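Remarks on the overall topology
Take a look at the letters that make up each chain.
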Amino acid sequence: MIFIAVRFTVRPEHTAEWLSLVGPFTEATRAEPGNLFFDWSRSVDDPNKFTLLEAFADDDAAAAHVQSDHFTAGLATMATAIAETPEIINVTIPDQHGWGPMAELAPQM
């Protein structure tokens, strides 16, 4: 599995519309056959910071994503709204197929 976390700092004037701006990119990526998840979160400490967590089944799926037309279009759109270069973590996790249960925590009844 290819796991990627990207932290974006958005210009304040684009913060309210950020999820709409990245909406087409998000939908197209989620529809890719090798995409496992593509989820946005917003910082509780800084309303201008968003984090994208994404995963792809393998190197081929990640490469297809980066080579897609919607990736190119998404970057062009995001470039008009970000305040600084995003920070990224990109790792390969061997023999992993996505989310699993957390051993240390379970709901209490």
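Structure's up top.
Residues numbered from 1 in each chain as written. Predicted model: local features only at pLDDT ≥ 70, side-chain atom pairs only at ≥ 80, totals over all residues. Heavy atoms only, no water.

Overview of the packing of aromatic side chains
Tallying each qualifying case throughout the model produces 8 aromatic pairs. For the ring pair F8 and W40, a centre distance of 5.3 Å and an interplane angle of 45° mean the geometry is tilted. Here F8, found in strand β1 (residues 2–9), pairs with W40, found in strand β2 (residues 35–42); they are 32 residues apart in sequence, far enough to count as distant. On the numbers, 5.8 Å between centres and 85° between planes, the contact of W18 with W40 is edge-to-face. In this pair, W18 sits in helix α1 (residues 18–21) while W40 sits in strand β2, placing the two residues 22 residues apart along the sequence. Accessibility assignment for this pair places W18 and W40 in one class, buried. (Phe/Tyr/Trp six-rings, centres within 6.5 Å; stacked < 30°, edge-to-face > 60°. Helix = DSSP H or I, 4+ residues; strand = E, 2+ residues; numbered from the N terminus. Buried < 20%, exposed > 50% of the residue type's maximum accessible area, 1.4 Å probe, protein only.)

Topic: the packing of helix α2 (residues 23–30) against helix α4 (residues 69–79)
Running from N to C, α2 and α4 cross one another at 155°; their axes reach a closest spacing of 9 Å. One finds that α2 runs roughly antiparallel with respect to α4. Crossing angle aside, the handedness with which α2 passes α4 is left-handed. From α2, F25, A28 and T29 reach across to α4, where they touch H70, F71, G74 and M78. (Axes fitted to C-alpha atoms, helices over the stretch in contact; angles between N-to-C directions. Parallel < 35°, antiparallel > 145°, perpendicular 65-115°, else oblique. Left-handed = near helix turned anticlockwise from the far one by under 90°. Contact = heavy atoms within 4.5 Å.)

Describing helix α3 (residues 59–66)
Among all positions of α3, only A61, A62 and H65 are buried. Around the axis of α3, the buried residues are gathered within 100° of arc, so they sit on the same side. Counted as exposed and oriented over 90 degrees from the buried face of α3: D59 and D60. Its buried side turned inward, α3 meets β1, α2, β2, β3 (49–56) and α4. For α3, the N-terminal capping position is held by D58, with its side-chain oxygen 3.2 Å away from the main-chain nitrogen of D60. (Arc of directions from axis to C-beta. Polar contact = N/O pair within 3.5 Å; in protein donor to acceptor, adjacent residues only side chain to side chain.)

In short, geometric facts, not functional conclusions.
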